[in-house]
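Okay, here's what each chain looks like letter by letter:
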Amino acid sequence: MTAPHDQLAAYVDGELPAAEAEAFELHLAGCAACRGALHDALQLVAIEAGAPARAQRSPAAVGAPIHRRPLARRPAVLVAAAAVILVGIAAGVRRMLRVPDAPPAPIALALAPDRAIEGRVSYPAADRHRPYRVARAGAAPAERIGFEPLAELEHRGDLHGVAAVSLLRGDPVRATDYLDRAAPSLDVAADRALVLLAEGHPRDALIALDRVLDAAPRHPQALWNRALALRDLGLPLVAAEAFDAVAALHEPGWADEAAARARQLAGDVRERRAAFRRLAVDDGPRLATAGDAITPGTARRFPGMARLWLYDGVRAATTAAAVRALAPLAHALDEVQGGDALTAYVERIARADFAVRAPLARRYAEVVAGNPLDDAGAARLRSALRAAHADDILLGAIFRLAPGRHVDGSLIPELRRLADASADPWLHLFALERAADTLIQAGDHAAAEPIALAALTACEATRLDYRCAALALTLAESYFLTNRLSDAQRVLDAHVGRTRRGGEWYLEQRFLVQFAEIAMLSDDVAGSTLPVVRAYVRERTLGEPERCDVAAWGSELIAMLRVNRLDLAAARTELARAGAILAACPDAAPDGELSRSGENLFVTAHVLRDPGAGSAEDVARARRQIAHARDSAGPGMQAMLDHIEGRLMLDRDRAAGTALLERAIARADALTRGEANASRARAYAYSLLALDAGRAGEWDRVWELLGRAARSSVPGRCTVGVAVEDGARVVVARGPDGTSHGAFTAAVPGAGPAIDAQHLISPALRDALRDCPEIDVVARPPVQGLAELLPADVAWSYRLDETAPEPHAGAAATAPGAPRSLRVVIANAQPPAALGLAPLSPWRSTEAPDVRLEGAEATPSRALAELAGATFVEIHSHGVMDASGAGASFLTLSPDSDGRYALTAAAIRRQPLRGHPVVILAACHAASTATYRHEAWSLPAALLAAGARAVIASTDIIDDDAAGALFDDVRGRIERGASPAIALRDARRALLDRAPGAAWPRGLMVFH
C-alpha cells in the first residue's frame, strides 16, 4: 500500500481517486513535511500556469514550456491557491514592464455532448445548445468541467464566468457568491433567477425573470428559464406559450427543443382535459343504467371523479342487476385507492329490497340530472329516505339538495353519523369536509380549522387524493377569507400535487383560482407578485378558453392588484378588457351591460373617481351597474355598494357622495359585527370622509369622524389623528392647549402605496406636541399599528377602536402600596405541527412569574382560566390576524382535548379580564399591521375590549437575550405608578443608553 507521503505528486497532478484524495487531505492537515512540499508544488504550478501569459506579453520570452500534466486535473484547492499566486506575479510584471494587457482570448469551455442542467446560463461560452439528458436518479445534475477554466476566469476577474461554470457544475452556492460580486447586468440578473429555479423556488424565479424581460423582452435565456419556472409552478399551458416564444427566436438547437417542449406540454393538457370531460360529462351520468360506461382504465386514470360517479350510479340504480354491473368498477377503484369499501358497498346494496328502493333511486337520479327540489320537496325526500333506511341515498341527497352545496348545520350531525356508519374512509373525510365548510359559511373559522386539520392529518395514511385535495381547498378558503394568506398558500402547495396525480381537472382549476387570489392579496408595496398573478390567471383562462366569465375574472383580478398599487391607468386598461370580454359573451344583455362583480365595481369606482378620469356616460353606466348589483345583494354587500357609489361621486358631487358614504356606515353599524363586506365598507367610508374633510381644511370634522370611526371619544389635548387612503393623507394634532392643527397631502401619481411612518407627521405638527407629557394616536388602518410614528424618546400610544376601557382604569390595582400584582406568563406552546409554524425562542426572565403555562399545558382553556384575574400578562406565541373581525383574531397555543389551539379574541371577550392587566405580546412581529387598507391587526383591540388596561407589542424581531430584562423593567415602572407609554419610553431609553445600536426596542409600541 502506498504511504501517504508518497502520494503528494499524484495528488498535485489530480491522479488520486476521490476517496484517496480525501484521505490524503486529512493526512495533510497533520503532516508539516507534506505541507512544506505542497507549498513548493504550488509555486511550481503558479509559475507553470503563468508562463503562457508572460510569453504573450513579452516577445523576448522564449523556451519550451515545462512538461507537466494538464492543470484541469488538479484538485480545486491547488488551483485556487495557484490562482492567488498568479495574480500577484502578473501584477508585478505589469508594473515593471509597463506593457498594457492584450485582450484575453475567450475561454473555451470543454462542454460534454449532452447538457446536464435543464436551465440556460446567460454566459455565452456556457450556453451552446446540446441535448438535455440527465439520469433520473442519483446526485443532483452537474457537468464534469475541470478546475482550469475556473482558475483562468478568476484570474481574469470574470466573476460572471466563474458563476456560470459553477452553475454547470451543480454548485449554486458558489454561483451565488460570484453573482453577488459580479458587475450588475441583465445576464447576471437572469442567472440569479436560474439559481432560484435550481434551488426549488419557481415563484421567486418567475418574479426575477419577469424583471429581466421587462427590460429585454427577447432575452433568450430568461425566456427559456421562465418557461421552466412556469412548468414547475404547475402551469403547463402558460409554460408552453413561453417555450413558443423561445422557438420564435430561431436559435439553432434551442428553437427546436423549445417547440418540442411546447407541443408536449400543451398536448398533454388538452388530451387530459378531453378525457376528463368525457368522464365527467358523458360517461359518468350513464353509469346507473350502463354499468360499463366507465372502464377500469378510465377509473385508474381519474379515480376521484370515477368514484364520485360510482356512488351516484349505485344510488340511482333501480335494480339489483344494475348495481351488480358496477362491481368491476368498484373493484378497480379499491385496487387504486386501497381497501375494499366500494366492493363491500356494491355487494350490500345489491341485496336491498328494490321494491322499496327503486322509486327513491329514481327520484335521486332526477336530482342528480339537474332537476332541483324546493325546500319542502327536499324535506319530503329526506324523510322518505329515512323511513326506507336508504342511508346511502340519504347521505348523497343531504349534499345534493343543499343550496350551493353548503349543508345546513342542522343536518351535519346526521351526515357524519351516516358517513361513519358506512365504514368508508372516503365518506368519513367527506363528512368532515362538509362539517368544516358549514362552520366556515357561518363565520366560525376557529371551530372549522381543527376539524379540517385533523382530517388532513388522517389523509396522510390514505390514497384518496381527490378527497384530501378537496379538504385542502376548504381549509385554504377559510384561511383566505380571514387573510391568513401564508397559511392558505402552505396548505395549497402541500396538496396541489394530489390533483395532478389523480388527473382531477376541476379541482386543479379551483386550485389555480385560489393561487391567483392569494398572490393578488399578497402583493407587497414593491409589487412583486404581479407576474405570479398573471401566470395563474393565464393558465386558468387557457384551460377553458370558451368561458368568457373566466377571462373577465382574470382581468378584474389584475385590475384589483393594480388598484392596490395605485396604478389606476393600468387598472383602467384591465377593466376595459374585462368589460369587452363580457360584452362579447353569448348571453350578454342587448345593451352590452351585465351585472358586475363587487370587485369589478370597486375597481371601477377607483379608476373613475377623479372627475377627469371618465366621461359622464362612463359614470352613469357605473351607477346603473351598481343599481343592478343591488337587486341581488345581501345586507353587507348593500353597505359595500353604498361605499362604492359614494367613492365614485365624492369628488363630483360632495353632498351626494357624503350621503352615500354615511349611509354605508349606517348600514354597516346596523349589522352584526364581523360581517366582512360591512366592515370593509365602514372602514373605507370613514377614511374617505376624513380625507375629504382634511382636503377642505375642516380639522374639527376630521376629529369628529376619527372619533366616530373608533366608537370612542377623542382626547381634547395631546392627540394625533391620521387617515390615509390611496396615497392621500390627513394628519391632525392637538397640543397641550387643545388647539387643532392639521395638514392634508394629496396623492402623488405613481408614488405607490408605501407609507413612511417616520415622516408621516410633519415637523410643524410635532412642534405643536412638543410639551405633551404623553401622546395618544388615533389612526385609521393601515396606519394603525405602524411603529416609529413618533420618536423613541416620546411617550406615545395608539388609542384603539371599539370598547376599550378608559386608560389607566386598572391603576388602583397597581398603585404604590397596593398588593403585589398577579403575573401570568404563557410561553413555549406547542401548536399543531400541521400549521408549519417556526418555533419561538425559549422564554427568559430575571424574575419568576406567579403563574407559568408552558408546553402542553399552555392551552386556550387553561390560559382563559389564568388570565381572568391577572394584572400583568406576558404571552410568547404566534399571533394571527383574522380579517373577519376583531373577535376572530387569535394566539396559537397548544391544543385542548377537542383539538382547538386558538386563543381567540372572541373567547377572551366571553371571559373578561377582571384584573385589567397590562399585556405584553412578546412574539416577534406581534403588532404587525395587516397589509390590507381596511383592517389593522386586531389582537390588541380585542384584548383591550376584554378589559386589558394596555397592550405592548412589537413589529420587529425581538432580541430574546435582552427582552426579559426590558419587559421586567417596564413591569416594575408600571407597578410603581407610571403609565404604560411612559414606562416603555423610560425602559427603552435606559436600554438604548446601554446599547445604542439596538434596533428592536424601537419597534415596541403601546395600545390602549
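Each remark here, short or long, concerns the structure printed above.
Going along each chain's sequence as written, the residues are numbered from 1 onward. In view of the model being predicted, local features appear only for residues whose pLDDT reaches at least 70, and side-chain atom pairs are presented and counted only at 80 or more, with totals across whole chains, interfaces and linings using the full set of residues. To get the side-chain values, take all heavy atoms of the structure and skip hydrogens and water.

Caption draft 1: Layout of the overall build of the protein. The helix and strand labels rest on DSSP assignments: H or I over at least four residues marks a helix, E over at least two residues marks a strand, and numbering proceeds from the N terminus. In terms of regular secondary structure, the protein is built from 42 helices and 14 strands. Buried, partly exposed and exposed residues are distinguished by accessible area as a fraction of the type maximum, computed with a 1.4 Å probe on protein chains only: under 20%, between the cut-offs, and over 50%, respectively. The 1008 residues of the protein split such that 53% are buried. Residue contacts are defined here by distance: any two heavy atoms, one from each residue, within 4.5 Å place the two residues in contact. Once local pairs closer than 6 in sequence are excluded, the contacts in the protein between residues at least 24 apart make up 67%. Of the roughly 42700 Å² that the protein leaves accessible, carbon and sulfur atoms contribute 55%. Exposure was quantified through the Shrake-Rupley algorithm and a 1.4 Å probe, taking into account, for residues, occlusion by the shown protein chains and nothing else.

Caption draft 2: Seen up close, the packing of helix H26 (residues 505-522) against helix H27 (residues 530-543). As a rule, the C-alpha atoms of each element are fitted with a line to give its axis, helices using only the stretch in contact, and angles between N-to-C directions run from 0 to 180 degrees. At a closest axis distance of 8 Å, the pairing of H26 and H27 adopts a crossing angle of 155°. When the interaxial angle is binned, H26 and H27 end up roughly antiparallel. As for the relative orientation of H26 and H27, their crossing is left-handed in sense. Each of Trp 505, Gln 509, Leu 512, Val 513, Phe 515, Ala 516, Ala 519 and Met 520 in H26 lies in contact with H27, whose residues at this interface are Val 532, Val 533, Tyr 536, Val 537, Glu 539, Arg 540 and Gly 543. For this scheme, ten residues count as nonpolar: Ala, Val, Leu, Ile, Met, Phe, Trp, Tyr, Cys and Pro. Four count as charged, namely Asp, Glu, Lys and Arg, and the remainder, Gly too, count as polar. Counted by class, the contact of H26 with H27 contains 11 nonpolar, two polar and two charged residues. In what follows, roughly perpendicular refers to angles from 65 to 115 degrees, roughly parallel to angles under 35, roughly antiparallel to angles over 145, and oblique to any angle outside these ranges. It is the rotation of the near helix from the far one that decides the hand of a crossing: anticlockwise by less than a right angle makes it left-handed, clockwise makes it right-handed.

Caption draft 3: Layout of the side chain of Arg 734. Within the secondary structure layout, Arg 734 lies in strand S2 (residues 728-734). Positive: Lys, Arg. Negative: Asp, Glu. His and the chain ends are not part of the count. By salt bridge we mean one thing: a side-chain nitrogen of Lys or Arg within 4 Å of a carboxyl oxygen of Asp or Glu. Salt bridges are absent for the buried Arg 734, whose nearest opposite-charge side chain, Asp 700, sits at 4.5 Å. Polar side-chain contacts of Arg 734 include one of 3.3 Å to the backbone oxygen of Pro 715. Here Arg 734 is in contact with Asp 700, Trp 703, Val 714, Pro 715, Gly 716, Arg 717, Cys 718, Thr 719, Thr 739, Ser 740 and Leu 769, once residues within four sequence places are set aside. Counting of polar contacts relies on pairs of N or O atoms within 3.5 Å, with two restrictions inside protein: one atom must be capable of donating a hydrogen and the other of accepting it, and residues adjacent in sequence are counted only when both atoms are side-chain atoms.

Caption draft 4: Focus on the environment of Glu 546. Summarising the element assignment, Glu 546 is placed in the loop between H27 and helix H28 (548-564). When the C-alpha positions of Glu 546 and Cys 585 are compared, they lie 9.7 Å apart, and in sequence the two are 39 residues distant.

Caption draft 5: Representation of unusual backbone geometry in the model. Along the chain, Pro 781 connects to Pro 782 via a cis peptide bond; the corresponding omega equals 5°. Topologically, Pro 782 is positioned in the loop between strand S4 (775-779) and strand S5 (796-798). Despite not being glycine, His 250 shows a phi value in the positive range, around 60°. Structurally, His 250 is set in the loop between helix H11 (236-247) and helix H12 (254-283). Overall, the relative accessible area of 65% leaves His 250 in the exposed class.

Caption draft 6: Examining helix H21 (residues 412-421) more closely. Along H21, the residues classified as buried are Ile 412, Glu 414, Leu 415, Leu 418 and Ala 419. The buried residues of H21 occupy an angular sector of 160° when the element is viewed end-on, so they sit on one face. Residues of H21 that are exposed and point more than 90 degrees away from the buried face comprise Pro 413 and Ala 421. In the core, the buried residues of H21 are packed alongside helix H19 (375-387), helix H20 (391-400) and helix H22 (425-441). Positive phi appears at Ala 423, one or two residues downstream of H21, with a value of about 60°. The directions considered for the arc run from the helix axis to the C-beta atoms.

Caption draft 7: Just the state of the cysteines, in detail. Defined by distance alone, a disulfide is two cysteine sulfur atoms within 2.5 Å. Evaluated as defined, the whole model comprises two disulfides. Bridging Cys 459 to Cys 468, the disulfide has an S-S length of 2.1 Å. An S-S torsion of about -105° defines the bridge between Cys 459 and Cys 468 as left-handed. When sorted by exposure, Cys 459 lands in the same class as Cys 468, which is buried. The disulfide partner of Cys 718 is Cys 772, and the S-S distance across this bridge is 2.2 Å. Its torsion about the S-S bond being -90°, the disulfide of Cys 718 and Cys 772 is classed as left-handed.

Caption draft 8: Region of the structure containing the pairing of strand S8 (residues 872-875). By the alternation rule, side chains of S8 split into Phe 872 and Glu 874 and Val 873 and Ile 875, which are all buried. Pairing between strands is defined by DSSP: at least two bridges between the two strands are required. Both strand S6 (residues 823-829) and S8 contribute to a ladder of four bridges, which runs parallel. Its bridge partner lying in S8, Ile 826 is registered against Ile 875. Both S8 and strand S12 (residues 918-921) contribute to a ladder of four bridges, which runs parallel. Paired with Phe 872 across the bridge in S12 is Val 918.

Caption draft 9: Just the pattern of salt bridges, in detail. According to the stated counting rule, one finds 69 salt bridges in the structure shown. Connected via shared salt-bridge partners are Arg 115, Glu 118, Arg 231, Asp 232, Glu 257 and Arg 261.

Caption draft 10: How the structure looks around the packing of aromatic side chains. Here is the rule: rings of Phe, Tyr and Trp (six-membered ring for Trp) pair when centre to centre is within 6.5 Å. Planes less than 30 degrees apart are stacked, more than 60 are edge-to-face, and the remainder are tilted. Tallied over the full model, the rule gives 13 aromatic pairs. Consider the rings of Trp 224 and Phe 243, whose centres lie 5.1 Å apart with planes at 80°: the pair is edge-to-face. Taken together, the positions of Trp 224 in helix H10 (residues 220-232) and Phe 243 in helix H11 put the pair 19 residues apart, joining distant regions of the chain. For the pair formed by Trp 224 and Phe 243, the shared burial category is buried. Between Tyr 311 and Tyr 345 the ring centres are 6.0 Å apart and the planes differ by 50°, which places this aromatic pair in the tilted class. Taken together, the residues span a long stretch of sequence, with Tyr 311 in helix H14 (residues 303-316) and Tyr 345 in helix H17 (residues 341-350) at a distance of 34 residues. No difference in accessibility class separates Tyr 311 from Tyr 345, as the two residues are buried. Lysine and arginine charges are scored as sitting over a ring when NZ or CZ, respectively, is within 6 Å of the ring centre and within 35 degrees of the ring normal. The ring centre of Tyr 178 lies 4.4 Å from the NZ or CZ of Arg 181, which sits over that ring.

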